[in-house]
Amino acid sequence: MLPALDAGGVEQGTLEVGRHLVDHGHRSLVMSAGGRLLPRLQAEGSTHFAWDIGRKSPWTLRLVPRLRRLLATERVDILHLRSRLPAWVGYLAWRGMDPATRPHLVTTVHGPYTVNAYSAIMTHGERVIAVSEMIRTYILDNYPAVPPERIRVIPRGVDPMLYPHGHQPAPAWRDDWYLAFPETRGKALLTLPARLTRWKGQEDFIDLVAALRRTHPEAHGLIVGEPHPRRREFLAELRQRVHARGLDGHITFTGHRADIREIMALSAIVLSLSRVPEAFGRATLEALSLGRPVIAYDHGGVAEQLAALLPAGGIAVGDWQAGAAKAGAWLEQPPAVPKDNPFTLERMLAATLATYAELAAASRPYL
């Protein structure tokens, strides 16, 4: 259960687990309001229930009895809750069922939510999946009633077949790219892939590119992502910042792109400058899997990736000046990113299915 299927790490993980379940002979049922990823979900074998369980309204709780009936009718074995409001709907439905016959309950804590009773629902699973060691620490520090043995750390992962080390975009893709963005031809591309929001670091990125271009005029910045439809004023602020720094023509706003793999493969360096620690950080892991160097603020799940694959890529939070200096050095002498990536999709999926199987084999009802 999740709010929608538009874009993001939660949504991507849902599709990956659904496909894995189907490939291994299980049924995958997904409940959401739908979205741009829905056709892919269904094409890969999952059954979708179009319920608006993420709508922030008291009326959403009216779905609880209906969901309880659906869980019984569909003989669901595992109920996996991935977002707070859907989790409340799912938990209330689940709690009202017979403990001897109801599904087993799994929750995933995808981020360091605001600590309160509303967020606590994400720790109510029989098994609570933490997407990084950072999130495990967050759970134990803020919800001490959660038994540590109930938590399973399952880092997100990428498929090395989809993000192969050393991948290069096809000539036809490059032609289309340079037709759309001719200002990037022949440049050393620095890419910040993240939705446009104040804590994701676009402002620091602009300042970093401005500093870097003083010594490396070949550097060109890419800001890949789109703002929330109700936050488009931030995009206007970023464009004004680019203009004020004299970077017109040297930073490109691409908007939402479905070809982020090709963009990162074309890039000299990928950056993560989130002021708030990322719970995991899928885009940086995809870049590292491709063999692209990553410079990132050294905290959260991204710090765990760098510790395993490229420790030199970490910089202190907010120190974009150090990022500019490191980027300049790397443009002259790129670091080697190892091919052996411990954060693979197969490991993530196997650990998730093992968690399901562990619960399915348990005889003691969870109260």
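Just so it is clear, the model here is predicted, and its values are computed rather than measured. In this numbering scheme, every chain counts its residues from 1 along its sequence in written order. Predicted model: local features are reported for residues with pLDDT of at least 70 only, side-chain atom pairs are reported and counted for 80 or more only, and whole-chain, interface and lining totals are derived from all residues. Values shown for side chains rest on all heavy atoms present in the structure; no hydrogens or waters enter the calculation.

(A) Main features of the packing of aromatic side chains. Between rings of Phe, Tyr and Trp, where Trp is taken as its six-membered ring, a pair exists when centres lie within 6.5 Å; planes separated by under 30 degrees are stacked, by over 60 edge-to-face, and by other angles tilted. Tallied over the full model, the rule gives six aromatic pairs. Measuring from ring centre to ring centre gives 5.4 Å for W173 and W177, while their planes differ by 15°; the resulting arrangement is stacked. One end of the pair, W173, and the other, W177, are both in helix α6 (residues 171-180), four residues apart, so they sit about a helical turn from each other. Judged on exposure class, the residue W173 and its partner W177 are both buried. The structure contains a cluster of three or more aromatic residues connected by ring pairs, namely W88, Y91 and W94. A cation over an aromatic ring shows up here: R66 above the ring of W51, its NZ or CZ 4.0 Å from the ring centre. If you follow R102 out to its NZ or CZ, it ends over the ring of W94, 3.7 Å from the centre. Going along the chain from the N terminus, every DSSP run of H or I of four or more residues is numbered as a helix, and every run of E of two or more is numbered as a strand. For every residue, the accessible area (1.4 Å probe, protein chains only) is compared with the maximum for its type, and the residue is labelled buried under 20%, exposed over 50%, or partly exposed between those bounds. Counting as a charge over the ring demands two things of the Lys NZ or Arg CZ atom: a distance within 6 Å of the ring centre and an angle within 35 degrees of the ring normal.

(B) Structural context of unusual backbone geometry. Positive phi values are uncommon outside glycine, yet R75 reaches one of about 50°. Looking at the secondary structure, you find R75 in the loop between α3 (63-73) and β3 (78-81). A residue is classified by how much of its surface remains accessible, and R75, at 67% relative accessible area, is exposed.

(C) A look at the side chain of T352. By the secondary structure assignment, T352 is in helix α13 (residues 345-360). What makes T352 buried here is its relative accessible area of 4%. Contact definition: two residues touch when any of their heavy atoms are within 4.5 Å. Contacts of T352, omitting those with residues within four sequence positions, involve V17 and I154.

(D) Up close: α6. Those residues of α6 lying buried are W173, W177 and Y178. Within α6, the buried residues cover an arc of 125° as seen down the axis, which keeps them to one side. Of the residues in α6, the exposed ones pointing more than 90 degrees away from the buried face are P171, A172, D175, D176 and L179. Where α6 is buried, its residues touch β8 (219-224), β9 (251-255) and α9 (260-266). Arc definition: directions from the helix axis to the C-beta atoms.

(E) A look at helix α10 (residues 282-290). With eight of nine residues buried, α10 lies mostly within the body of the structure. Listing the buried residues of α10 in full gives R282, T284, L285, E286, A287, L288, S289 and L290. Those residues of α10 that are buried are in contact with α1 (9-23), α9, β10 (269-272), β11 (294-297) and α11 (300-309). With its phi angle positive at about 90°, G291 sits one or two positions after the end of α10.

(F) Local environment of the nonpolar core. To qualify as a nonpolar core, a set must consist of buried Ala, Val, Leu, Ile, Met, Phe, Trp, Tyr and Cys residues joined through side-chain atoms within 4.5 Å. The biggest cluster of nonpolar side chains holds 93 residues, and the ones touching the most others in it are L67, I139, L190 and L271. For this core, the element with the highest residue contribution is helix α7 (residues 202-212), accounting for seven residues. Leave out the neighbours within four places in its chain, and I139 touches V109, T123, V128, A130, P144, V146 and I151. Counting residues in each nonpolar core, the second largest holds 12 residues, with L21, I78, L353 and Y356 among its members.

(G) Geometry of the pattern of salt bridges. Salt bridge criterion: a side-chain nitrogen from Lys or Arg within 4 Å of a carboxyl oxygen from Asp or Glu. With the rule as written, the count across this model stands at 15 salt bridges. Residue D207 pairs with R245 through a salt bridge whose shortest N-O separation is 2.8 Å. Separated by 38 residues along the polypeptide, D207 in helix α7 and R245 in the loop between α8 (232-244) and β9 bring together distant segments of the chain. Judged by its relative accessible area of 37%, R245 falls in the partly exposed class. With its nearest N and O atoms 2.6 Å apart, the salt bridge here joins E262 to R261. Three or more residues joined by partner-sharing salt bridges are found here, namely R19, R40 and E44.

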